[in-house]
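Chains, contacts and geometry: an overview
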Protein chains: 2
Amino acid sequence: MSIDITIIGTGNMARALSTRALAAGKNLQVLARNTEAAESLAAELGQGTASGNATEAPAGNIVILALPFDASKEYVQAQGAALDAKILIDISNPVDFATFDSLTTAHGSSAAEEIAALTSASVVKAFNTNFAGPLAAGNAGGATQDIFIAGDDASRTAVAEFVTAAGMRPLEVGGIHHARELEGFQLLMMAMQVNPALADFNWNTSLQVAG
Amino acid sequence: MSIDITIIGTGNMARALSTRALAAGKNLQVLARNTEAAESLAAELGQGTASGNATEAPAGNIVILALPFDASKEYVQAQGAALDAKILIDISNPVDFATFDSLTTAHGSSAAEEIAALTSASVVKAFNTNFAGPLAAGNAGGATQDIFIAGDDASRTAVAEFVTAAGMRPLEVGGIHHARELEGFQLLMMAMQVNPALADFNWNTSLQVAG
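Just so we're clear, the structure is a prediction, and the values are computed from it rather than from any experiment. Counting of residues starts from 1 at the beginning of each chain's written sequence and follows it residue by residue. Lettering for chains starts from A, numbering for ligands starts from 1, and both go in the order in which the items are written. Note on the predicted model: pLDDT of at least 70 is required for a residue's local features to be given, and 80 or more for side-chain atom pairs to be given and counted; whole-chain, interface and lining totals, by contrast, use all residues. Neither water nor hydrogens contribute to the side-chain values; these are computed over all heavy atoms in the structure.

What follows is about the overall build of chain A. Counting its secondary structure elements, chain A contains seven helices and nine strands. Expected size for 211 residues packed as a compact globule is a radius of gyration near 17 Å; at 16 Å, chain A falls within 12% of this value. If you line up chain A on its principal axes, its C-alpha atoms span 50 × 35 × 30 Å. Summary of the burial criterion: residues with accessible area below 20% of their type's maximum are buried, those above 50% are exposed, and those between are partly exposed, where the area comes from a 1.4 Å probe applied to protein chains only. Scored against the burial criterion, the 211 residues of chain A give a buried share of 57%. A fraction of 63% describes how many contacts in chain A between residues 6 or more apart in sequence connect residues 24 or more apart. Going along the chain from the N terminus, every DSSP run of H or I of four or more residues is numbered as a helix, and every run of E of two or more is numbered as a strand. Only C-alpha atoms enter the radius of gyration, while the globule expectation follows 2.2 Å times N to the 0.38, with N the number of residues. Contacts: residue pairs with any heavy atoms within 4.5 Å of one another.

For the rest of this paragraph, the subject is the sheet that holds strand E5 (residues 87-90) of chain A. Residue and element names in this part refer to chain A. At least two bridges found by DSSP between two strands is the condition for calling them paired. The sheet built from eight strands is open, its strands ordered E3-E2-E1-E4-E5-E6-E7-E8 with mixed pairing. Where the open sheet ends on each side, the last strands, each with one partner, are strand E3 (50-53) and strand E8 (169-174). Averaged over all adjacent pairs, the angle separating strand axes in this sheet is 25°, with direction ignored. The pairing of strand E1 (residues 5-8) with strand E2 (residues 28-32) spans four bridges and is parallel. Lines fitted to the C-alpha atoms define the axes, with helices restricted to the stretch that makes contact. Angles between their N-to-C directions range from 0 to 180 degrees.

Now for the UniProt feature "domain: Pyrroline-5-carboxylate reductase catalytic N-terminal" (unreviewed entry) in chain A. As annotated in UniProt, the feature "domain: Pyrroline-5-carboxylate reductase catalytic N-terminal" (unreviewed entry) corresponds to residues 5-94 of chain A in the numbering used here. With 38% helix and 23% strand, the stretch residues 5-94 of chain A has end C-alpha atoms that lie 24 Å from each other. UniProt positions are given in the numbering used here, feature names are shortened, and annotations may be inferred rather than shown by experiment.

This paragraph deals with the side chain of Gln 186 of chain B. Residues and elements named next belong to chain B. Along the polypeptide, Gln 186 turns up in helix H7 (residues 179-193). Its relative accessible area of 0% is what places Gln 186 among the buried residues. Once residues lying within four places of it in the same chain are set aside, the contact partners of Gln 186 are Asn 93, Asn 128, Thr 129, Asn 130 and Phe 131.

Another aspect to go through is the layout of surface pockets. A 1.4 Å probe that fits into a set of points on a 1 Å grid over the protein atoms alone but cannot get out defines a cavity; an open set with protein on both sides within 12 Å along at least five of seven lines defines a pocket, and lining residues are those with an atom within 4 Å of a point. Grid points are joined across faces, edges and corners, and a volume is the space filled by probe spheres set on the points. Considered as a void within the structure, the largest pocket measures approximately 610 Å³ in volume. Along its surface, the largest pocket is lined by 30 residues, and His 107, Gly 108 and Arg 180 of chain A together with His 107 and Gly 108 of chain B are the ones closest to its centre. For the lining of the largest pocket, the elements supplying multiple residues, two or more each, are helix H7 (179-193) of chain A together with H7 of chain B. The residue classification treats Ala, Val, Leu, Ile, Met, Phe, Trp, Tyr, Cys and Pro as nonpolar and Asp, Glu, Lys and Arg as charged. All others, Gly included, are polar. By residue class, the composition of the lining of the largest pocket is seven nonpolar, 16 polar and seven charged.

Each nonpolar core is a collection of buried residues, namely Ala, Val, Leu, Ile, Met, Phe, Trp, Tyr and Cys, held together in the definition by side-chain atoms within 4.5 Å. Phe 148, Phe 185 and Met 192 of chain A together with Phe 148, Phe 185 and Met 192 of chain B are the most contacted members of the largest nonpolar core, which totals 38 residues. Listing elements by their share of this core, those giving two or more residues are strand E7 (146-150), E8, H7 and strand E9 (206-210) of chain A together with strand E7 (146-150), strand E8 (169-174), H7 and strand E9 (206-210) of chain B. The residues contacting Phe 148 of chain B, other than those within four sequence positions of it, are Phe 185 and Met 192 of chain A together with Lys 125, Ala 126, Phe 127, Thr 129, Leu 171, Val 173, Leu 182, Leu 207 and Val 209 of chain B.

In this assembly, 32 residues from chain B lie in contact with 32 residues from chain A. Accessible area that two parts lose when put together, evaluated with a 1.4 Å probe and summed over both, is termed the buried area. When the two sides are added together, the surface that chain B and chain A hide from each other amounts to roughly 2600 Å², 71% of it contributed by carbon and sulfur. Among the residues of chain B in contact with chain A, Glu 181, Phe 185 and Leu 188 of chain B are the three that bury the most area, contributing 20% of the side total. Salt-bridge detection follows one rule: a side-chain nitrogen of Lys or Arg within 4 Å of a carboxyl oxygen of Asp or Glu. Inspection of the region where chain B meets chain A yields zero salt bridges. Polar contact is the term for a pair of N or O atoms within 3.5 Å; when the atoms are in protein, one must be able to donate a hydrogen and the other to accept it, and sequence-neighboring residues count only if both atoms are side-chain atoms. Applying the counting rule to chain B against chain A returns seven residue pairs in polar contact (both at pLDDT 80 or more). Counting only elements with at least two residues in the side of chain B that touches chain A, the list comes to E8, H7 and E9 of chain B. Ranked by residue count, the leading element in the side of chain B that touches chain A is H7 of chain B, at nine residues. Its residues placed into classes, the side of chain B that touches chain A shows 15 nonpolar, 12 polar and five charged. With five bridges connecting them, E9 of chain A and E9 of chain B associate as antiparallel partners. Bridging across to E9 of chain B, Val 209 of chain A finds its partner in Leu 207 of chain B.

Bringing the pattern of salt bridges into the picture now. Oppositely charged side chains can form a pair if their charged atoms are brought close together. Residues and elements named next belong to chain B. Scanning the entire structure with this criterion turns up 20 salt bridges over all chains. When the shortest N-O distance is used, the salt bridge between Lys 73 and Asp 70 registers 3.8 Å. Of the two residues, Lys 73 and Asp 70 are both situated in helix H3 (residues 69-79); the distance of three residues between them amounts to about one turn of the helix. Note that Asp 146 and Arg 169 form a salt bridge whose closest N and O atoms lie 2.6 Å from each other. Note that Asp 146 is positioned in strand E7 and Arg 169 in strand E8, a separation of 23 residues in sequence. You can call Asp 146 buried: its relative accessible area is 1%. According to the relative accessible area criterion, Arg 169 is partly exposed, its value standing at 29%.

Residues reaching a pLDDT of at least 70 in both copies supply the C-alpha atoms on which the copies are superposed by least squares. Its rotation angle being 180°, the transformation that places chain B on chain A also includes 0.0 Å of axial translation and leaves an RMSD of 0.0 Å. The superposition of one copy onto the other is thereby described by a two-fold rotation axis.

The strands making up a sheet associate through hydrogen bonds between their backbones, and the pairing can be parallel or antiparallel. With respect to topology, eight strands assemble into an open sheet ordered E3-E2-E1-E4-E5-E6-E7-E8 (chain B), the strand pairing being mixed. The sheet is open, and its two borders are formed by strand E3 (50-53) and E8 of chain B, each paired with just one other strand. Mean inter-strand twist for the sheet, computed between neighbouring axes without regard to direction, equals 25°. Strand direction decides the pairing type here: strand E5 (residues 87-90) of chain B and strand E6 (residues 122-126) of chain B, joined by four bridges, are parallel. Along E6 of chain B, the bridge assignment pairs Asp 90 of chain B with Lys 125 of chain B. Strands in contact with H7 of chain A are E7 and E8 of chain B; relative to E8 of chain B, the strand with the most contacts, it is inclined by about 105°.

Further remarks concern helix H1 (residues 12-23) of chain A. Residues and elements named next belong to chain A. To estimate how far a helix should extend, the number of its residues minus one is multiplied by 1.5 Å. Between its first and last C-alpha, H1 extends 17 Å over 12 residues, near the 16 Å set by a 1.5 Å rise per residue. What H1 keeps buried is the set Met 13, Ala 14, Ala 16, Leu 17, Ser 18, Arg 20, Ala 21 and Leu 22. Each element contacted by the buried residues of H1 is listed here: E1, E2, helix H2 (35-45), strand E4 (62-65), helix H5 (132-137) and helix H6 (153-165). Residue Gly 25 follows H1 closely and has a positive phi angle near 80°.

If you want it as structure tokens, here you go:
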């Protein structure tokens, strides 16, 4: 069985994206620093999900970094040439989590662009505006979930096909520099989740384009 | 009859916001460079809507700049002290409309902040993620429309109260510097409207937080 998608990480987003990948009929591999955590998540997911340590070269053509921003940078630097020709999905949000009022990246940059500068893989920004809960559930308040995607044309198309297969709506917003706007808006979305004035927002919302 | 809200402009957004202001039971004044256009819109709107020339001092405590970014800057400079103590709503999007790929403001700035630097009024960013069609209709694909608001606390609250009275949901995202993220995301929203791959998007969509 050849692996389609490798997910790095075992947190809530790793679990949610694994659920969607399996729903899309993809052959999945979960890798993590903590091998036992990867094995445990793979066993829980079932459907032949493979697992291993994050130091292993990922088997999937699409590799999803279900990691915080800093850990994503460390991962791509550690993997080096093993990521050549891969499509690397960056889901991270470089938010100052102490204040939820600013990004940790420089103006005119983005986490995705910083990661892309460290690897020869084709980096695609996706899923950063999605919280784990709605993503795992596979819907946004009853509607098909919107997934915003920024990246090079060919890689973006591949990610869009995965998103469609997983039952969500891909919204391609252009080149990787548009990760800036996706990450910027998610700062606002996160701040709203911790804003006591918005009592209904508890990491359970989805950013949607209604028509 | 004292005026609650003054709207500057007679375009699609001026018309849509006028419709919402009247729905909120507000006493409305429409001012424009072209006095006849203002009179015509006021007559069409009815409900006692006043009109006049944009050179007049606005009567409303809330003044909505239903103008493009450059025209908004010109307006506040021309009005000067007449805007003291006003709440000024900036709805503009500083988008490069030739490419729909970049903003015309500098990184780490925003149209709202540039306008605020030119006036002693309290500038609030709102309605910039809303297109005129859904705003005039008063709903987002059947749902209550979300209005993102950035600005100083007291002024933001006043705008949020107007939004609620007009039948929409205010989502306060913080200080005026967060106009950066609101304007950034609307660049993506606009680019999607002109993207032939998204055939259903024709300036008829709404950015919503689904829960």
